[in-house]
Amino acid sequence: MRIVRGLRGFRVVPPRAVVAVGVFDGVHVAHQRLIRAVVGLARRTRGTSVVITFDPDPQRVLNPSQAHLPLLPLGERLRQFETLGVQLTWVIRFTRAFSTMTAERFVADVLAGRLHATCVVIGETFAFGHQRRGDLRILRELGRRYGIRVMWLPPVRLAGRMVSSSRIR
C-alpha cells in the first residue's frame, strides 16, 4: 500500500480512484465493510482503492477537552487498511485551517481536483466540510457536478444497535 501524507502529497493521480473518507478510528466492522466495498469496486472497475484519513482526529483539534483517545493509533489504522487491500492511503493533517474548508471545496479540490475520483463510498452518517455541513445529499449534488458517483452503505447493526467508534468506547 502506498501512503501519501499532506495536502500537497500527490504527484501522480491514481487511475479511476474509488474513495472512502473518514478518520476510521477503530477500523471496526462497519469501517471494514465500507473499506471492503471500496476495494471490491476498485477491483471490478480496474481502479485504485483509496482511503483518505485524517491525523490527528478532528476532535483533538476542534474540541480537545472533549476528545477521546483514539481506539487505534494511526500506524495500526494504516496496517489495517493494508490488510483490507487498500492500494493508497492519503493521510491529511487535520488543522484548524483545514477545518474551514467547505464541503464544496473539499469535493472540488481534493476529490475531483487532486484525486480525479470516479466514486466515493460513504456510510449513512457521513458528514464533511466546515462544521460538518456536508452530508449525503450535498455530496450527491456535488458528485453530479464533478462527475463523481456516490454510493452509500446503511449502518452495520449488531444486536440491534448501530456499530460506531463512540459506542465501542
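Since this is a predicted model, take the numbers as computed values, not measurements. (Residues numbered from 1 in each chain as written. Predicted model: local features only at pLDDT ≥ 70, side-chain atom pairs only at ≥ 80, totals over all residues. Heavy atoms only, no water.)

Asks: Got a minute to help me understand the environment of Glu104 in this structure?
Replies: Within the fold, Glu104 resides in helix H5 (residues 103-114). The exposure class of Glu104 is partly exposed, given its relative accessible area of 39%. For the pair formed by Glu104 and Phe128, sequence separation is 24 residues and the distance between their alpha carbons is 9.7 Å. When residues no more than four places from it in sequence are discounted, the contact partners of Glu104 are Leu142, Arg145 and Tyr146. For Glu104, the side chain forms a polar contact with the side chain of Arg145, separated by 2.5 Å. (Helix = DSSP H or I, 4+ residues; strand = E, 2+ residues; numbered from the N terminus. Buried < 20%, exposed > 50% of the residue type's maximum accessible area, 1.4 Å probe, protein only. Contact = heavy atoms within 4.5 Å. Polar contact = N/O pair within 3.5 Å; in protein donor to acceptor, adjacent residues only side chain to side chain.)

Asks: Is there a simple way to think about helix H3 (residues 74-83) in this case?
Replies: Residues of H3 that are buried include every one of Leu74, Arg77, Leu78 and Phe81, and no others. Buried residues of H3, viewed axially, fall in a sector of 100°; they line one side. Tucked inside the fold, the buried residues of H3 contact strand E1 (2-5), helix H1 (29-44), strand E3 (48-55) and strand E4 (88-93). Immediately beyond the C-terminal end of H3, within one or two residues, lies Gly85, with a positive phi of roughly 100°. (Arc of directions from axis to C-beta.)

Asks: Teacher, can you tell me more about the sheet that holds strand E5 (residues 119-123) here?
Replies: One key point about sheets: their strands pair by backbone hydrogen bonds, in either a parallel or an antiparallel sense. Within the open sheet, the six strands sit side by side as E1-E4-E3-E2-E5-E6. Their pairing is parallel. In this open sheet, the two edge strands, each paired with only one partner strand, are E1 and strand E6 (149-153). With direction set aside, neighbouring strand axes in the sheet form an average angle of 25°. Bridging between E3 and E4 involves six bridges; their strand directions are parallel. Within E4, the residue paired with Val51 across the bridge is Thr89. Across the sheet, helix H6 (residues 136-146) is in contact with E5 and E6; its angle to E6 comes to roughly 155°. (Pairing = 2+ DSSP bridges. Axes fitted to C-alpha atoms, helices over the stretch in contact; angles between N-to-C directions.)

Asks: What is the right way to read the environment of Val91 from this model?
Replies: The residue Val91 is located in strand E4 in this model. You can call Val91 buried: its relative accessible area is 5%. Every residue in contact with Val91, bar those within four places of it in the chain, is listed here: Ile3, Val4, Arg5, Gly6, Thr53, Asp55, Leu74 and Leu78.

Asks: Could you clarify how one ought to interpret the pattern of salt bridges in this entry?
Replies: Side chains that carry opposite charge are capable of pairing whenever their charged atoms lie near each other. Overall, the coordinates contain five salt bridges when judged by the stated rule. Of the charged contacts in the structure, one is a salt bridge between Glu76 and Arg79, with a shortest N-O distance of 3.1 Å. Within this pair, Glu76 and its partner Arg79 are both found in helix H3, separated by three residues, close to a single helical turn. Judged by relative accessible area, which is 48%, Arg79 ranks as partly exposed. Here Glu141 makes a salt bridge to Arg145, at a shortest N to O gap of 3.8 Å. (Salt bridge = Lys/Arg side-chain N within 4 Å of Asp/Glu carboxyl O.)

Asks: What is the right way to read the packing of aromatic side chains from this model?
Replies: Aromatic rings considered in pairs are described by the distance between their centres and by the relative angle of their planes. Tallying each qualifying case throughout the model produces six aromatic pairs. With 5.6 Å between their ring centres and 75° between their planes, Phe94 and Phe98 make a pair best called edge-to-face. Under the relative-accessibility criterion, Phe94 is labelled buried at 9%. In this structure Phe98 comes out as buried when scored by relative accessible area, which is 10%. Through a chain of ring-to-ring contacts, three or more aromatic side chains come together here, namely Phe54, Phe94 and Phe98. (Phe/Tyr/Trp six-rings, centres within 6.5 Å; stacked < 30°, edge-to-face > 60°.)

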